[in-house]
Amino acid sequence: MDLSFARLDRDVAVTAMPTELAVLLVGVAARQAASPTACVQTRLALAAPADALLAPAHGAFHRAAALALTRWQEE
């Protein structure tokens with residue numbers, strides 16, 4: 001499968017997007033960028049550096065699951 005960009009032929013006419021559609025798409029993108037979910041995601045991305053995610057202080061990627069497995073093995 002070829003996922004490269006298609007070459008632009010000089011013989012093909014370029015058509016412009018209707019102004020109303022362009023304004024609508026810009027409005028949708030702006031509302032999505034300002035949504036509560038996007039704001040939380042931005043704060044989460046800045047919370048910890050990638051190194052801290054790959055080597056947590058407690059030694060487990062998912063601490064709750066690691067504690068549950070440890071308890072299960074002790075029973």
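Residues numbered from 1 in each chain as written. Predicted model: local features only at pLDDT ≥ 70, side-chain atom pairs only at ≥ 80, totals over all residues. Heavy atoms only, no water.

Some words on the overall build of the protein chain
Applicable threshold: In this text, helices come from DSSP runs of H or I with a minimum length of four residues, and strands from runs of E with a minimum of two, each type numbered from the N-terminal end. Note on classification: 1.4 Å probe, protein chains only; a residue is buried when its accessible area is under 20% of the maximum for its type, exposed when over 50%, partly exposed between these limits. All accessible-area figures derive from a Shrake-Rupley calculation using a 1.4 Å probe, and residue coverage is judged against the displayed protein chains alone.
Secondary structure assignment for the protein chain yields 4 helices and 0 strands. Counting all 75 residues of the protein chain, 3% fall into the buried class. Carbon and sulfur atoms provide 64% of the accessible area of the protein chain, an area that totals close to 7,500 Å².

What to know about a nonpolar patch on the surface
Which entries qualify depends on this criterion: For patch detection, residues must exceed 30% relative accessible area and be free of salt bridges, and they are connected within 9 Å for like charges or within 5 Å for nonpolar side chains (Val, Leu, Ile, Met, Phe, Trp, Tyr). Only one rule defines a salt bridge in this text: a Lys or Arg side-chain nitrogen within 4 Å of an Asp or Glu carboxyl oxygen.
Taken together, Met 17, Leu 21, Leu 24, Leu 25 and Val 28 make up a surface patch of nonpolar side chains, about 430 Å² in accessible area. Position of Leu 24 among the secondary structure elements: in helix H1 (residues 19–33).

Brief notes about the confidence of the model for the protein chain
The condition is simple: Each residue gets a pLDDT score, which is the predictor's confidence in that residue and runs from 0 to 100.
For the protein chain, mean pLDDT is 77; residues scoring 70 or higher make up 65% of the total. Here helix H3 (residues 50–54) stands out as the element of the protein chain with the lowest mean pLDDT, 64, in contrast to H1, whose mean of 91 is the highest.

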